[in-house]
Structures are given as C-alpha cells and as structure tokens.
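So you can see what is in the structure, the chains are spelled out below.
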Amino acid sequence: MSSYNPYEAPQNQTYSPPTGEVAGQVTPMMLQHLRDTRPWVLFLSIMGFISIGLLVVGSVYMMTTFGRMVPGWMLFLYIAIGAIYLVPTLTLFRYAGAISYVFNGGGTHAMEEALRLQRSFWRFVGVLTAIVVAFYGLLFAGSMMFRFL
C-alpha cells in the first residue's frame, strides 16, 4: 500500500527549479508567440482606456443632462467602476511595454517583468471575478428573501 494520505497536513518541501531541457531555455517559437501577443495586449489596454473615458464622460453627461432624475450616487458609482477598471488596464499597458522591452535588448530582466505583469493582471481579474460572482450571489439571495416577505 502507498503511504500517501490525502488528509495529512502538507509537508514542508523546498522548491526546486525545473531541470533538463526546460530550465533556462527560451525558444524562438516562445518569443514569436510573445511578439504576436503584444498587439492584442496593447489593443485591449487602449480599448480599456477608451471605455474608462466613456464611462466617466457618460456619467458626467448623465448628471448634467438629466439632473434630478438621476441619483447623485450613480455618478460616484460609475467613477468608482472606472477606477477599478483602471488597474487592469494600466497593467495590460505596462505588460505590452515590457514585451517591447524584451525585444529591444531587455534580456531576462525584461522577460521576468513581462511575466510578472501578466501574472498581476490575471490575479486582479481573478479576484475581481470572484468578488462580482459573490456580489451577484448576494443579490440573488437578497431578491429571493424579499420576494417571500
């Protein structure tokens, strides 16, 4: 029988980097995929900046045009949403810049920075997604509670 116990506390194991062919090698195909990714990353970051601008301009327009028909907190809600979207948009923009730096002689430092920014972007998007799903769950549960009152 195996000595593996899934209910046992994890043991402190030290990390060892990969060995063999993978360690320390960046192939031309990896670089080509990174180069092909940059325009899309830049495009999405520019679209993010445009969307944030439209969100802020639209909320100000709504408040000035419709005045008392729109509650004042909506202006702050839209601006807060724009501020939240600014974080991943800036990260994508910096990621595109780091990819450029890789190909302009930045070396391994530039590659590490690009991968760090990519990880940061996906971590933020993952946490934001979890928060939004939890918020929707709370809204759903709240609507069900008020329905039966």
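Below: a short report on this structure.

The rules behind the values
Residues numbered from 1 in each chain as written. Predicted model: local features only at pLDDT ≥ 70, side-chain atom pairs only at ≥ 80, totals over all residues. Heavy atoms only, no water. Helix = DSSP H or I, 4+ residues; strand = E, 2+ residues; numbered from the N terminus. Buried < 20%, exposed > 50% of the residue type's maximum accessible area, 1.4 Å probe, protein only. Contact = heavy atoms within 4.5 Å. Areas by Shrake-Rupley, 256 points an atom, 1.4 Å probe, with all protein chains shown as cover. Axes fitted to C-alpha atoms, helices over the stretch in contact; angles between N-to-C directions. Parallel < 35°, antiparallel > 145°, perpendicular 65-115°, else oblique. Left-handed = near helix turned anticlockwise from the far one by under 90°. Expected span 1.5 Å × (residues − 1). Patch = residues over 30% accessible without salt bridge, like charges linked within 9 Å, V, L, I, M, F, W, Y side chains within 5 Å. Salt bridge = Lys/Arg side-chain N within 4 Å of Asp/Glu carboxyl O. Phe/Tyr/Trp six-rings, centres within 6.5 Å; stacked < 30°, edge-to-face > 60°. Core = buried A, V, L, I, M, F, W, Y, C linked by side-chain atoms within 4.5 Å.

Some details on the overall build of the protein chain
Okay, so step 1: A count of helices and strands for the protein chain gives two helices and zero strands.
Okay, so step 2: Taking all 149 residues of the protein chain together, 19% fall into the buried category.
Okay, so step 3: A separation threshold of at least 6 residues defines the contact pool for the protein chain, and within that pool the share at least 24 residues apart is 64%.
Okay, so step 4: Accessible surface, the protein chain as shown: approximately 11800 Å² in total, 70% of it carbon and sulfur.

Here we look at the environment of Val87
Okay, so step 1: In this fold, Val87 is placed in helix α2 (residues 73-147).
Okay, so step 2: Judged by relative accessible area, Val87 falls into the partly exposed class, the value being 39%.
Okay, so step 3: Separated by 37 residues in sequence, Val87 and Phe124 have C-alpha atoms that sit 8.2 Å apart.

Some details on the packing of helix α1 (residues 28-66) against α2
Okay, so step 1: Contact pair α1 / α2: the axes reach a minimum separation of 8 Å and the direction vectors enclose 160°. Classified by the interaxial angle, the pair formed by α1 and α2 is roughly antiparallel. Relative to α2, the crossing made by α1 is left-handed.

Quick word on α1
Side chains of residues three or four places apart in an α-helix project in the same direction, reflecting 3.6 residues per turn.
Okay, so step 1: End to end, α1 covers 57 Å across 39 residues, agreeing with the expected 57 Å (1.5 Å per residue, within 8%).
Okay, so step 2: Of the positions making up α1, those classed as buried are Leu34, Val41, Ser45, Gly48, Ile52, Ser59, Met62 and Met63.

Observations regarding a nonpolar patch on the surface
Okay, so step 1: A surface patch of nonpolar side chains, about 730 Å² in accessible area, is lined by Trp40, Phe43, Leu44, Ile46, Met47, Ile50 and Leu54.
Okay, so step 2: Along the chain, the position of Ile50 falls in helix α1.

Examining the packing of aromatic side chains
Okay, so step 1: Enumeration over the complete set of coordinates arrives at four aromatic pairs.
Okay, so step 2: Centroid distance Phe121 to Trp122: 4.8 Å. Interplanar angle 75°. Geometry classified as edge-to-face.
Okay, so step 3: With a relative accessible area of 14%, Phe121 lands in the buried category.
Okay, so step 4: Here Trp122 falls in the exposed class, since its relative accessible area comes to 53%.

Brief notes about the nonpolar core
Okay, so step 1: Leu34, Val41, Leu92, Tyr95, Ile99, Val102 and Ala114 are the most contacted members of the largest nonpolar core, which has 13 residues in total.
Okay, so step 2: Among the elements that make up this core, the one with the highest residue count is α2 (eleven residues).
Okay, so step 3: Apart from residues no more than four positions distant in its own chain, Ala114 is found in contact with Tyr95, Ala98 and Ile99.
Okay, so step 4: In terms of nonpolar packing, the next biggest core, distinct from the first, is built from five residues, Met63, Val70, Met74 and Leu75 among them.

Some thoughts on the environment of Leu42
Okay, so step 1: On the secondary structure map, Leu42 appears in helix α1.
Okay, so step 2: Filtering out sequence-adjacent residues up to four positions away, Leu42 remains in contact with Phe93 and Ala96.

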